[in-house]
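An overview of the molecular structure
Below are the chains, spelled out letter by letter.
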Amino acid sequence: MKDNTNKVRISLGTPTATPSGEFEILAITAGTGNGWVFSADTLRESATLWDGVESFIDHHWFGHSVHDLAGICYQPEYDENSQGIKLRLRPIGPGAPIFSELGKAMLTKDAATPSVGFSADVVFTANGKNVEKILKVFSVDLVIDPARGGEFIRQVYQNIRSNDKMPKLEDI
C-alpha cells in the first residue's frame, strides 16, 4: 500500500492586534502553495487543528528552538470571504518583540513593506498534488515570501478603538 502522507510548509499572510498586542492573521488560504493544492473544503475541515499552535520566527528544518518562539495561535475559524483559516495570534516568547514590530509595520498602509507573512508547517494526505486532509499543524511561522496566502489582517485593538460604541474587549 502506497503511503500518501506528506509534510510540507506552506506560507501564509499578514496580521492585526488586540489591546494586549494580539493580532488577527490569515494563516492559509485555498489555492496552490509549494506545488500542493489546498481546497476550501480541506481548509474548512481542518479549522480545529489550528487552535493552540505555536508561531516561530522563521522555519527551521530540524526543529524549533525556544529562542525563536514568537506566539501562540487561538480562536481559529474558516473565513468564507478569504477562503482560509483566520485566527488570533498572541505574541509570547523571545521572538514576540520581533513579531509585534513586524506586525505593526506590515499593517501600516502608507509605507512600503517587505514580503513578510505566515507559513504553515503541516502534515497532510494527498491524491497526486491535491491535498485531501490536513492531519496536523505543527506551527504557523513568520517568514519572508510566504507561499500560500498567510498575512497580517489587523491589529485587533485598531477596530475596537475606532468606534466608541463598541463593547470593551473583555466584555466580548
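Structure shown above.
The following paragraphs examine the structure supplied in this document. (Residues numbered from 1 in each chain as written. Predicted model: local features only at pLDDT ≥ 70, side-chain atom pairs only at ≥ 80, totals over all residues. Heavy atoms only, no water.)

**So, the packing of aromatic side chains**
How we decide: Here a Phe, Tyr or Trp ring, Trp counted by its six-membered ring, pairs with any other such ring whose centre lies within 6.5 Å, and the pair is stacked when the planes are under 30 degrees apart, edge-to-face when over 60, and tilted otherwise. For the purposes of this entry, the term helix denotes a DSSP run of H or I that reaches at least four residues, the term strand denotes a run of E that reaches at least two, and both are numbered from the N terminus. Only protein chains enter the accessibility calculation, which uses a 1.4 Å probe; a residue whose area is less than 20% of its type maximum is buried, one above 50% is exposed, and one in between is partly exposed. Should the NZ of a Lys or the CZ of an Arg lie within 6 Å of a ring centre and within 35 degrees of the ring normal, that charge is described as sitting over the ring.
Applying the stated criterion across every chain, the model contains 4 aromatic pairs. Between Phe38 and Phe124, the ring centres sit 5.6 Å apart and the planes meet at 75°, which makes this aromatic pair edge-to-face. With a gap of 86 residues between them, Phe38 in strand 4 (residues 36-38) and Phe124 in strand 8 (residues 116-127) connect regions that are remote in the sequence. Residue classification places Phe38 among the buried residues on the basis of a relative accessible area of 1%. A connected cluster of aromatic rings, assembled from ring pairs, spans Phe23, Phe99 and Phe118. The cationic tip of Lys129 hangs over the ring face of Trp36; the distance from NZ or CZ to the ring centre is 4.1 Å.

**Remarks on the nonpolar core**
The criterion, for reference: Residues belong to a common nonpolar core when they are buried Ala, Val, Leu, Ile, Met, Phe, Trp, Tyr or Cys residues joined through side-chain atoms within 4.5 Å.
In terms of nonpolar packing, the biggest core is built from 33 residues, with Trp50, Ile85, Phe99, Ile134, Val140 and Phe152 touching the most fellow members. Of all the secondary structure elements, the ones that give two or more residues to this core are strand 2 (23-29), strand 4, helix 1 (40-46), strand 6 (69-79), strand 7 (84-91), helix 2 (96-106), strand 8 and strand 9 (130-144). When residues of this core are assigned to their parent elements, the largest contribution, 6 residues, is made by strand 8.

**Structural notes on the pattern of salt bridges**
We count it as follows: Just to be clear on terms, a salt bridge is a Lys or Arg side-chain nitrogen sitting within 4 Å of an Asp or Glu carboxyl oxygen.
On inspection of all chains with the given rule, the structure shows 4 salt bridges. Note that Glu22 is salt-bridged to Arg90, the shortest N-O span being 3.8 Å. Taken together, the residues span a long stretch of sequence, with Glu22 in the loop between strand 1 (5-11) and strand 2 and Arg90 in strand 7 at a distance of 68 residues. By relative accessible area, Glu22 is classed as buried at 7%.

**Remarks on the side chain of Lys86**
Filter applied, for reference: Contact definition: two residues touch when any of their heavy atoms are within 4.5 Å.
Here Lys86 lies in strand 7. Those residues in contact with Lys86 that lie beyond four places of it in its chain are Glu24, Ile25, Leu26, Gln75, Pro76, Glu77, Asp79 and Ile153.

**A word on the side chain of Asp79**
What counts is decided by this rule: Pairing of N or O atoms within 3.5 Å defines a polar contact, subject to two protein rules: one partner must be a possible hydrogen donor and the other a possible acceptor, and residues neighboring in sequence count only if both atoms are side-chain atoms.
Among the structural elements, Asp79 can be located in strand 6. Within the structure, the side chain of Asp79 is placed 2.8 Å from the side chain of Ser82, a separation counted as a polar contact. Apart from residues lying up to four places away in sequence, Asp79 is in contact with Gly84 and Lys86.

**A word on unusual backbone geometry**
With a phi close to 55°, Asn34 is a non-glycine residue in the positive phi region. Residue position: Asn34 is located in the loop between strand 3 (31-33) and strand 4.

**Here we look at the environment of Lys129**
In this fold, Lys129 is placed in the loop between strand 8 and strand 9. Given a relative accessible area of 46%, Lys129 falls into the partly exposed group. C-alpha separation for the pair Lys129 and Phe38, spaced 91 residues apart in sequence, amounts to 9.0 Å. Setting aside chain neighbours within four positions, we find Lys129 in contact with Gly35, Trp36 and Val37.

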